[in-house]
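# Understanding the architecture of this molecule
Chain residues, written in single-letter form:
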Amino acid sequence: MVTIITIYAFLVVCLALSIWKSREKTTQAFNLSAKALWNMAPNLLAIVGLVGLILGVLPPETISSLLGVEAGAAAPIAAAIIGSITLIPALVSFPLAGSLLDSGATVITITVFITTLLMVGTVTAPMEIKALGKKFTLLRNGLSFIAALIIATVMGVIL
Amino acid sequence: MMSMIKKFKAPLILALIYLGLAIWLPSTAQRSAAVAVNYIGEMALIIPPVFILMGLLQVWIPKEKITALIGKDTGLKGMLISFFMGTIPTGPLYVAFPLAGSLLQKGARTSNIVIFLGAWAAIKVPQLIAETQFLGPSYTALRFVLTLLAVIVIGRIMEKRITIKDLPKIE
């Protein structure tokens, strides 16, 4: 909710300024936006479809059992894979991670899960490639994946 | 017509998979559809303003301005600006990609864009509040510091390897 309000408030201010300064340039901006949106539309729709499919096959209960105590040594690996391929809103993943930790999952597992979830995006990679290029996308996601493993290990040792 | 089908190939294939699921695994299809509908609702609210802001940015902000704020020679100031731009609550990471693309084309430093995306993805105020609540303050503080360090290092590594030639051309 905060997100929506902030972004729309910011948009209203910018748009008012833009119209006040030049109607022509504002129209030009709208044309650019529409073109970019049309370019991204297939990717956006594909993201929606893929996220739905993945979470339909892997509902939170299944994720919990894959990352929980009973998963043992495989849990961090499962966490890295699930975190990298799914797209769960942070406000859902934190309660999930919290309940996993309470029920005995390790700090390493949940940190790998959270960090890959936030920083690595397989489903959104086609869109990232379109906006930033293949090399940028591969490097950013690859390095973020490695960083997630390091961050989790350090946190597991300290906490 | 053919070109439209080609353009929307991926979503069309996904629609067929959903159809197949609805026939063979109706309960999975139902769960998937519920998630997808939920996401479409979120996107419908967030995507239009983000794209309009991107259009305004392209029209109004001259290249020199971006270069001066977060360009090659902006040092710590550029890093801080990029970081704070990323922490403004503005929705999921994928909406940041087109914005990041425009900023890069306008002369932003690659490492600053990586910081911007990293902050956008992993370090947000509402997110940190939820994290503190469910995982505790020491966990949140430690992950914050480590993620920030990681993002700075990743930015430095990528900067050495990415040149303007690696970026997609603006159409």
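Residues numbered from 1 in each chain as written. Chains lettered and ligands numbered in written order. Predicted model: local features only at pLDDT ≥ 70, side-chain atom pairs only at ≥ 80, totals over all residues.

### Observations regarding the overall build of chain B
When its secondary structure is counted, chain B shows 9 helices and 0 strands. Starting at the N terminus, the α and β elements of chain B follow one another as α-α-α-α-α-α-α-α-α. For 171 residues, the compact-globule formula gives about 16 Å, and the C-alpha radius of gyration of chain B, at 20 Å, lies well above that figure. Counting only contacts in chain B whose residues sit at least 6 apart along the sequence, the fraction spanning at least 24 positions is 75%. (Helix = DSSP H or I, 4+ residues; strand = E, 2+ residues; numbered from the N terminus. Rg over C-alpha atoms; globule rule 2.2 N^0.38 Å. Contact = placed C-beta atoms within 7 Å.)

### Quick word on the domain arrangement of chain B
As far as domains go, chain B holds domain 1 (1-47) and domain 2 (61-166). Measuring from the centre of the C-alpha atoms in domain 1 of chain B to the corresponding centre in domain 2 of chain B gives 31 Å. (Domains from an automatic or database assignment.)

### Concerning the interface of chain B and chain A
With 65 residues of chain B at the interface, the matching set in chain A holds 63 residues. Of all elements in the fold, only helix H2 (9-24), helix H3 (26-60), helix H6 (96-105), helix H7 (110-122), helix H8 (125-135) and helix H9 (137-161) of chain B reach the threshold of two or more residues within the side of chain B that touches chain A. Considering every element that reaches the side of chain B that touches chain A, the biggest residue donor is H3(B), with 23 residues. Along the lines of polarity and charge, the residues of the side of chain B that touches chain A split into 48 nonpolar, 11 polar and 6 charged. (Nonpolar A, V, L, I, M, F, W, Y, C, P; charged D, E, K, R; others polar.)

### What to know about the nonpolar core
Ranked by internal contacts, the top residues of the largest apolar core, which has 84 residues, are A:Ile47, A:Val51, A:Phe113, B:Ala96, B:Ala100, B:Ile113 and B:Leu117. Here this core takes 11 residues from helix H2 (residues 23-57) of chain A, the largest share from any one element. Residues in contact with A:Ile47, not counting those within four places in the same chain, are A:Val123, A:Thr124, A:Met127 and B:Tyr94. (Core = buried A, V, L, I, M, F, W, Y, C linked by C-beta atoms within 7 Å. Buried ≥ 20, exposed ≤ 12 C-beta atoms within 10 Å, placed from the backbone.)

### Some points on the packing of helix H7 (residues 125-132) of chain A against H6(B)
Where H7(A) meets H6(B), the closest approach of the two axes is 8 Å, and the angle between their N-to-C directions is 20 degrees. On the basis of their axis angle, the class for H7(A) and H6(B) is roughly parallel. At the point where H7(A) passes H6(B), the crossing takes the right-handed sense. Residues A:Met127, A:Glu128, A:Ala131 and A:Leu132 of H7(A) pack against B:Phe97, B:Pro98, B:Ala100, B:Gly101 and B:Leu104 of H6(B). A class-by-class count of the residues in the contact of H7(A) with H6(B) yields 7 nonpolar, 1 polar and 1 charged. (Axes fitted to C-alpha atoms, helices over the stretch in contact; angles between N-to-C directions. Parallel < 35°, antiparallel > 145°, perpendicular 65-115°, else oblique. Left-handed = near helix turned anticlockwise from the far one by under 90°.)

### Some remarks on the confidence of the model for chain A
When pLDDT is averaged across chain A, the result is 91; 100% of the residues are at 70 or more. By mean pLDDT, helix H5 (residues 90-102) of chain A is the weakest element of chain A at 85, and helix H8 (residues 134-158) of chain A is the strongest at 96. (pLDDT = per-residue confidence, 0-100.)

### Looking at helix H1 (residues 2-21) of chain A
Its 20 residues place the ends of H1(A) 29 Å apart at the C-alpha level, agreeing with the 28 Å of an ideal helix rising 1.5 Å per residue. Counting buried positions over the 20 residues of H1(A) gives 2, only a small fraction of the element. (Expected span 1.5 Å × (residues − 1).)

### Observations regarding the environment of B:Met2
All names here are of chain B. Counting through the fold element by element, Met-2 comes out in helix H1 (residues 2-7). In this structure Met-2 comes out as exposed when scored by C-beta crowding, with 6 C-beta atoms within 10 Å. C-alpha separation for the pair Met-2 and Ala-100, spaced 98 residues apart in sequence, amounts to 32 Å.

### Details of the confidence of the model for chain B
Residues and elements named next belong to chain B. Averaged over chain B, the pLDDT score is 90; the fraction of residues at 70 or greater is 98%. Here H8 stands out as the element of chain B with the lowest mean pLDDT, 87, in contrast to H9, whose mean of 95 is the highest. Scored by ipTM, the complex comes to 0.88, with pTM at 0.89.

### Topic: the domain arrangement of chain A
With domains assigned, chain A is organised as domain 1 (1-42) and domain 2 (58-158). Averaged C-alpha coordinates put domain 1 of chain A and domain 2 of chain A at centres separated by 33 Å.

### Some points on the packing of H7(A) against H8(A)
Geometrically, a packed helix pair is captured by the angle between its two axes and the distance between the axes. All names here are of chain A. Running from N to C, H7 and H8 cross one another at 130 degrees; their axes reach a closest spacing of 7 Å. As summarised for this structure, H7 and H8 are arranged oblique, according to the angle between their axes. In this structure, H7 crosses over H8, and the sense of that crossing is right-handed. On the side of H7, the interface is formed by Ala-125, Glu-128, Ile-129 and Leu-132, while H8 contributes Lys-134, Phe-136, Thr-137 and Asn-141.

### Looking at the environment of A:Ala97
Looking at the element boundaries, A:Ala97 is found in helix H5. Accessibility expressed as a C-beta count within 10 Å gives 24 for A:Ala97, which makes it buried. In this structure the C-alpha to C-alpha distance between A:Ala97 and A:Ala79, which are 18 residues apart in sequence, comes to 11 Å. If sequence neighbours within four positions are ignored, A:Ala97 has contacts with A:Ile110, A:Phe113, A:Ile114, B:Phe134 and B:Leu135.

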